[in-house]
Structure formats: structure tokens, C-alpha cells
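A closer look at the structure
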Amino acid sequence: MGSDPADKILGVARAQRAELIVIGMRKRSPVGKFIMGSTAQRILLQAECPVLSLKAEYAW
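Quick look at the structure, then. Note on numbering: residues in each chain are counted from 1, in written sequence order. pLDDT decides what is reported in this predicted model: residues at 70 or higher carry local features, side-chain atom pairs at 80 or more are listed and counted, and totals for whole chains, interfaces and linings draw on all residues regardless. Heavy atoms throughout the structure, all of them, feed into the side-chain values; hydrogens and water do not.

We now examine unusual backbone geometry. Non-glycine residue R17 carries a positive phi angle of around 50°. Under the DSSP-based scheme used, a helix requires at least four consecutive residues in state H or I and a strand at least two consecutive residues in state E, with every element numbered from the N terminus. Mapped onto the elements of the fold, R17 is located in the loop between α1 (5-15) and β1 (21-25). Classification of R17 by relative accessible area gives exposed; the value is 73%. Buried, partly exposed and exposed residues are distinguished by accessible area as a fraction of the type maximum, computed with a 1.4 Å probe on protein chains only: under 20%, between the cut-offs, and over 50%, respectively.

This is how it looks when you write it as C-alpha cells:
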């Protein structure tokens, strides 16, 4: 809805004092990552708590 999903997720995690963030990841091409950025990568690098990432096929 116009705002960055990574910022929203990180903000909620901070506000709730999350002890863990769990994210599902899917494979994208290097060009896709460059053009669209990587929400998962930003969460992994900027989170103040541990982050568990799962392949999207296992996240459901």
C-alpha cells in the first residue's frame, strides 16, 4: 500500500519486541533482485532480532 514491506515488518518487530522473525524466501534471478530489491534480504540484514528464513515451499 505504498510503503516498503521490509520497513513495516521491521517496525512491527521493533514495536512488539519480537524475539524472532520468520520469513519465507523464494528464488529470484539476479536481475529480478536488482530491479525490485529484496525485502527478505533487507529483513535479514537490518533486523534487531534473529531471523529464520525458510524456502517458500516449506513456509506454508
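Turning our attention to the pattern of salt bridges. Definition used for salt bridges: Asp or Glu carboxyl oxygen within 4 Å of a side-chain nitrogen of Lys or Arg. Taken as a whole, this structure holds 3 salt bridges when the rule is applied. For R42, the salt bridge goes to D4, with nearest N and O atoms at 2.2 Å. Of the two residues, R42 is situated in helix α3 (residues 39-46) and D4 in the segment before α1; the sequence distance between them amounts to 38 residues. A relative accessible area of 28% means that R42 is categorised as partly exposed. Here D7 makes a salt bridge to R42, at a shortest N to O gap of 2.7 Å. Of the two residues, D7 is situated in helix α1 and R42 in helix α3; the sequence distance between them amounts to 35 residues. Taking the relative accessible area as the measure of exposure, D7 reaches 44% and is therefore partly exposed.

For any two helices packed against each other, one specifies the crossing angle of their axes together with the interaxial distance. Axis geometry follows a simple rule: fit a line to the C-alpha atoms, using only the stretch in contact for helices, then measure angles between N-to-C directions, giving values from 0 to 180 degrees. Relative to each other, α1 and α3 sit at 35°, their axes nearing to 9 Å. Crossing of α1 against α3: the hand is right-handed. Packed against α1, whose contacting residues are P5, A6, D7, I9 and L10, the element α3 presents T39, R42, I43 and Q46 at the interface. Across the contact of α1 with α3, the residue classes tally to 5 nonpolar, 2 polar and 2 charged. Two helices cross in a left-handed way if the nearer one is turned anticlockwise from the farther one by less than a right angle. They cross in a right-handed way if the turn is clockwise. It only takes one pair of heavy atoms within 4.5 Å for two residues to be counted as in contact. By the convention adopted, Pro, Cys, Tyr, Trp, Phe, Met, Ile, Leu, Val and Ala count as nonpolar, Lys, Arg, Asp and Glu as charged, and the other residues, Gly among them, as polar.

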